[in-house]
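One letter stands for each residue in the lines below.
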Amino acid sequence: MNAATFFDGEEWRDGTIEMVDGRMLLRPGSPASDLRLSDLPRLDGVIVGGFTDHHVHLQLVDHALLHDSTLGRVIDLGGNPAAVAALSEGAARFVSVAGAPSLNDQKAAAPRSSSERSQTKRPHAVAVEFAGAFLTPVGGYPSDRDWAPAGSFREIADTAAATAAVAEMADAGASCIKVANNSTAGPVFSDLLFRAIVEAAAARGLPVVAHAEGVGEAQRAVRLGAARLAHAPFTERLDDAEVAAQAASVSWISTLAIHEGDTHATAVDNVRRFHAAGGTVLYGTDMGNGPMPVGLNPSELTALRDAGLDGIDLLRALAPQNPLDPAALLLRLPGTDADPTLARPLTSADLKA
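Cut-offs applied
Residues numbered from 1 in each chain as written. Predicted model: local features only at pLDDT ≥ 70, side-chain atom pairs only at ≥ 80, totals over all residues. Heavy atoms only, no water. Helix = DSSP H or I, 4+ residues; strand = E, 2+ residues; numbered from the N terminus. Buried < 20%, exposed > 50% of the residue type's maximum accessible area, 1.4 Å probe, protein only. Contact = heavy atoms within 4.5 Å. Areas by Shrake-Rupley, 256 points an atom, 1.4 Å probe, with all protein chains shown as cover. Axes fitted to C-alpha atoms, helices over the stretch in contact; angles between N-to-C directions. Left-handed = near helix turned anticlockwise from the far one by under 90°. Nonpolar A, V, L, I, M, F, W, Y, C, P; charged D, E, K, R; others polar. Polar contact = N/O pair within 3.5 Å; in protein donor to acceptor, adjacent residues only side chain to side chain. Core = buried A, V, L, I, M, F, W, Y, C linked by side-chain atoms within 4.5 Å. Pairing = 2+ DSSP bridges. Expected span 1.5 Å × (residues − 1). Arc of directions from axis to C-beta. 1 Å grid on protein atoms, 1.4 Å probe; cavity = no way out; pocket = protein on both sides within 12 Å on 5 of 7 lines; lining within 4 Å. Points joined across faces, edges and corners; volume = space filled by probe spheres on them.

Peer 1: Help me out: how do you make sense of the overall build of the protein chain in this one?
Peer 2: Counting secondary structure elements, the protein chain contains 9 helices and 16 strands. Its C-alpha atoms put the protein chain at 65 × 40 × 35 Å along the principal axes. Evaluated residue by residue, the protein chain yields a buried proportion of 52% over its 353 residues. Of all intrachain contacts in the protein chain linking residues separated by at least 6 positions in sequence, the fraction that spans at least 24 positions is 65%. Working note: accessible area of the protein chain is about 14400 Å², and carbon and sulfur atoms make up 51% of it.

In structure tokens form, the structure reads like this:
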């Protein structure tokens, strides 16, 4: 048993970690016995759960590479619901049972030395949540895009179609509903039809995540009931009053690194003021949108720092899995202020005898 410092999603805490039936278990507070944390050998570094990418497109990347990354959870925001649901179910099955090697220790063959064991990457389960298909107006984005996989969008013409599409995604296991409102690439929903989607989603207990692109679309999506923006607003600089209002009502997924030039500067400026106003910024990359790492993206982290998120604020944006969950990926960081790119899966070799 080792004393350890861990991140619970909001703050740093102290607890213990030990091997139990072949898996590493983290527990909060002092051990149940008469031992104190100060009596135990302390784990070098600190523990966080696997990071979350809140905006990915698994059908557009080699998703198998995620199992060697430091991501423990991804949220697919637009894909064929049957295909992505199958990936989600596969991830749920990729969990070790009691007595088997822990998620952090699974591998094909044992390394030859302690040093090698501490550095070898091991495949791990990645929790998959998804929105299912983009809901878009007839002829709307991304219905005309070559990259959009078959079945990855539903063109919504009326409220009946909206209700049916939301029900389809909910029945497939969606955790949110994705709406595309991109006035730079085609038609957008009327207020009436957008609200109909929000109401149908609410009836199934699902929030709406909006791709809002074009002048005024980020403001309109929030006004019409979207709970989250799939991209931090990048079309235009939002005024301070709008930023403050959105900070109090919705969250933004960053996706800053997909932009260049003035668009990048606009998005970073909006995020900087949104974060300063107390808004919730969530790490997301739009993985699959052009060449980018299938895993943690250093360019996105750099952009978030440029927008004022660092230290514990950056960790919160990464939304690590709950490290107290036995199914979570456990990562070791060198210290509480370490760059997240330095994280690596915790292994039994890290525990002191």
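Peer 1: Help me out: how do you make sense of the packing of helix 3 (residues 159-172) against helix 4 (residues 191-203) in this one?
Peer 2: In helix packing, the relevant descriptors are the interaxial angle and the interaxial distance, both defined with respect to the helix axes. Interaxial distance between helix 3 and helix 4 falls to 9 Å at its minimum, and their mutual angle equals 35 degrees. Crossing handedness for the pair helix 3 and helix 4: right-handed. Listed contacts from helix 4 to T159, A162, T163 and V166 of helix 3 are L193, A196, I197, A200 and A201. Considering only residue class, the contact of helix 3 with helix 4 consists of 7 nonpolar, 2 polar and no charged.

Peer 1: Would you take a moment to explain the environment of R27 for this structure?
Peer 2: Among the secondary structure elements, R27 is positioned in strand 3 (residues 23-28). Remark: the alpha-carbon pair of R27 and G15, spanning 12 residues in sequence, is separated by 5.5 Å. Setting aside anything within four residues of it in sequence, one finds R27 in contact with F6, G15, T16, E18, V20 and L324. There is a polar contact of 2.6 Å between the side chain of R27 and the side chain of E18.

Peer 1: Help me understand the nonpolar core, please; the structure alone is not making it clear to me.
Peer 2: Soluble globular proteins: nonpolar side chains tend toward being buried together. Membership of the largest hydrophobic core comes to 76 residues, with the highest contact counts inside it found for F51, I177, F194 and I197. If you tally residues by element for this core, the top one is helix 4, at 7 residues. With near-sequence residues (within four places) excluded, F194 lies in contact with V179, N181, F189, A210, A221, L224 and A226. By size, the runner-up hydrophobic cluster in this structure holds 10 residues, among which are L26, L43, I47 and L351.

Peer 1: Is there a simple way to explain the sheet that holds strand 8 (residues 134-137) in this structure?
Peer 2: Through backbone hydrogen bonds, the strands of a sheet pair up, either in parallel or in antiparallel fashion. Taken in spatial order, the 7 strands make up an open sheet running 9-8-10-11-12-13-14, and their pairing is parallel. Unpaired on one side and paired on the other, strand 9 (153-156) and strand 14 (280-282) mark the two borders of the sheet. Where strand 13 (residues 251-253) and strand 14 come together, 3 bridges link them in parallel fashion. Pairing of W252 across the sheet is with V281, part of strand 14. Most of the contacts of helix 3 go to strand 9, to which it runs at about 160 degrees, and overall it touches strand 8, strand 9 and strand 10 (177-182).

Peer 1: Is there a simple way to explain helix 3 in this structure?
Peer 2: End to end, helix 3 covers 20 Å across 14 residues, agreeing with the expected 20 Å (1.5 Å per residue, within 8%). When we look at burial in helix 3, the residues that qualify are A162, A165, V166, M169 and A170. For helix 3, the arc enclosing every buried residue in end-on projection is 135 degrees, short of the 170-degree limit, so these residues lie on one face. Residues A160 and D171 are exposed on helix 3 and point more than 90 degrees away from its buried face. Trailing helix 3 by a residue or two, G173 shows a phi angle of about 105 degrees, which is positive.

Peer 1: Just checking my understanding: could you explain empty space enclosed by the protein for this structure?
Peer 2: The gaps of empty space that remain are located by a probe, the size of a water molecule, rolled over the atoms. Under the criterion given, the structure shown has 2 cavities of 30 Å³ or more. If you add up the space inside the second largest cavity, you get close to 40 Å³. Along the walls of the second largest cavity sit A212, E213, G214, A218, Q219, P233, F234, T235, E236 and L238, which together make up its complete lining. Per-class residue counts for the lining of the second largest cavity are 5 nonpolar, 3 polar and 2 charged.

Peer 1: I keep staring at the side chain of T136 and nothing clicks. Help me out?
Peer 2: Counting through the fold element by element, T136 comes out in strand 8. Look past the residues within four positions of T136 in its chain and what remains in contact with it is Y141, R154, E155, I156, A180 and F189.

Peer 1: How do you make sense of unusual backbone geometry when you look at a structure like this?
Peer 2: Excluding glycine, most residues fall at negative phi; most peptide bonds, likewise, are trans. Following Y141, the chain continues to P142 via a peptide bond in cis, the omega torsion being 5 degrees. Tracing the backbone shows P142 in the loop between strand 8 and strand 9. A positive phi is found at D21, a non-glycine position, where the angle reads about 50 degrees. In this fold, D21 is placed in the loop between strand 2 (12-20) and strand 3. The exposed category is assigned to D21, whose relative accessible area is 56%. We note that D286 has phi near 60 degrees; this positive angle belongs to a residue other than glycine. With respect to the element layout, D286 can be found in the loop between strand 14 and helix 8 (298-306).

Without other data, these values stay purely geometric and don't point to any function.
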